[in-house]
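A closer look at the structure
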Amino acid sequence: MGKAEDFEELRPLLFSIAYRILGSVSEAEDAVQETWLRFDASATRPTSTKAFLSAAVTRISIDVLRSARVRREEYVGPWFPEPLLSDPYQDPARSVELADSVSMAALLLLERLSPLERAVFLLREVFAFGFDDIAAAVGRSEAACRQLLVRARRHMEAGRPRFAADRQERQELATRFFDALKNGDVGRLRNLLAADVQLAGDGGGKAPQLAKAVIGAENVARVLGSVFPLLIRIDVTFEPHEINGQPGAIFRDRDGRILHTLVLEVLDGRIQAIRVVINPDKLGHLGPVADAWAIDREVKQARRQSD
């Protein structure tokens, strides 16, 4: 095969590596494109195209992440990864690791790691690269990579829940949640939520968002039960959709434009966290984006009319 064919065959893997390092669809796509430019400009063909391209996209992503960390320190409100509807890379032998590592909860845990720890952890634990290829990718010795992996594992294990919900349990709970949400049924919502559930939104200062996270089943149920019926009244619709491998939904305005995404984190038969991404900069890859400020004004008007 020619260079272009080799690259296209590996593109899904390269995107999956970059997205997990960066937590951003747009930045991952840019990293993959930069990887192609470097590969195309290379005068020689590498012994292993997969190793060469994986190393290149890893190094590019690490550099981008280092600059992104500075921006995230100045980010307005909570920062969440850009929602990913489907992972283009599939490997039956690594399906569990791939699914687990793309969830919002896992990506937020990865934020605890340094860029190098994050890259080493992902290449080894998720994509099963050998330490020789990992060392070449991050520019460290194999011994140093092993130490980075030990530290990364320690941080990740400290933040992981002890028991994970199976796919069917998550889906059944999500179905009941969205049914109760549609009807504004506070009692049913409350029964589906963990006692210490958290509801948080990522608007990045560019869309209406909660001033702070809402915590507790009663508080979260009341907020959801008061807001979402008003959204439905002004013709906002939602379609349940798996997002980052977890149950969620895409919300649209009356013209079909993306208003926000909502993702549920399920554990021990209850919803532990609800994460809403409404920052328009993080939704453009899903389609045309709605004017969230205009929707907010309509909701407030609908509330006044109902009072």
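Summarised in this report is the structure supplied together with it. Given the structure is predicted, the values throughout are model-derived calculations rather than measurements. (Residues numbered from 1 in each chain as written. Predicted model: local features only at pLDDT ≥ 70, side-chain atom pairs only at ≥ 80, totals over all residues. Heavy atoms only, no water.)

1. Here's the deal with the packing of helix H1 (residues 3-22) against helix H2 (residues 25-41)
Spelled out, the test is: Only the stretch in contact is used when fitting a helix axis, every axis being a line fitted to C-alpha atoms; angles between N-to-C directions are given from 0 to 180 degrees. Runs of H or I in DSSP of at least four residues are treated as helices and runs of E of at least two as strands, each being numbered from the N terminus. In this scheme, a crossing is called left-handed if the near helix is turned counterclockwise away from the far one by less than a right angle; it is called right-handed if the turn is clockwise. Every residue pair with non-hydrogen atoms within 4.5 Å of one another is taken to be in contact. Note on residue classes: Ala, Val, Leu, Ile, Met, Phe, Trp, Tyr, Cys and Pro are nonpolar, Asp, Glu, Lys and Arg are charged, and everything else, Gly too, is polar.
Where H1 meets H2, the axes come as close as 8 Å, and the angle between the chain directions of the two elements is 140°. Considering how the two elements wind past one another, H1 and H2 form a crossing that is right-handed. Across the interface between the two elements, Lys3, Ala4, Phe7, Arg11, Leu14, Phe15, Ala18, Tyr19 and Leu22 from H1 touch Val25, Glu27, Ala28, Glu29, Ala31, Val32, Thr35, Trp36, Phe39 and Asp40 from H2. Per-class residue counts for the contact of H1 with H2 are 13 nonpolar, one polar and five charged.

2. Re helix H6 (residues 115-126)
Stated precisely, the cut-off is as follows: Expected helix span is computed as 1.5 Å times (number of residues minus one). Partly exposed residues are those whose accessible area sits between 20% and 50% of the maximum for their type, while under 20% is buried and over 50% is exposed, using a 1.4 Å probe and protein chains only.
The terminal C-alpha atoms of H6 lie 16 Å apart, and with 12 residues this matches the ideal 16 Å at 1.5 Å per residue to within 8%. Burial in H6 covers these residues: Pro115, Leu116, Glu117, Arg118, Ala119, Val120, Phe121, Leu122, Leu123 and Val126. Packed against the buried residues of H6 are H1, helix H3 (49-73), helix H4 (95-101), helix H5 (104-110), helix H7 (131-138) and helix H8 (142-159). Once H6 ends, the next one or two residues include Ala128, with phi positive near 60°.

3. Considering the packing of aromatic side chains
To keep it simple, the criterion reads: Note on aromatic contacts: the rings of Phe and Tyr and the six-membered ring of Trp form a pair at centre separations within 6.5 Å, being stacked when their planes are under 30 degrees apart, edge-to-face when over 60 apart, and tilted otherwise.
Scanning the model with the defined rule gives nine aromatic pairs in all. Arranged with centres 5.8 Å apart and planes meeting at 45°, the rings of Phe39 and Phe52 form a pair that is tilted. Residue Phe39 is located in helix H2, and its partner Phe52 is located in helix H3; the two are separated by 13 residues in the primary sequence. Relative accessible area serves as the criterion here: at 0%, Phe39 is assigned to the buried category. The exposure class of Phe52 is partly exposed, given its relative accessible area of 26%.

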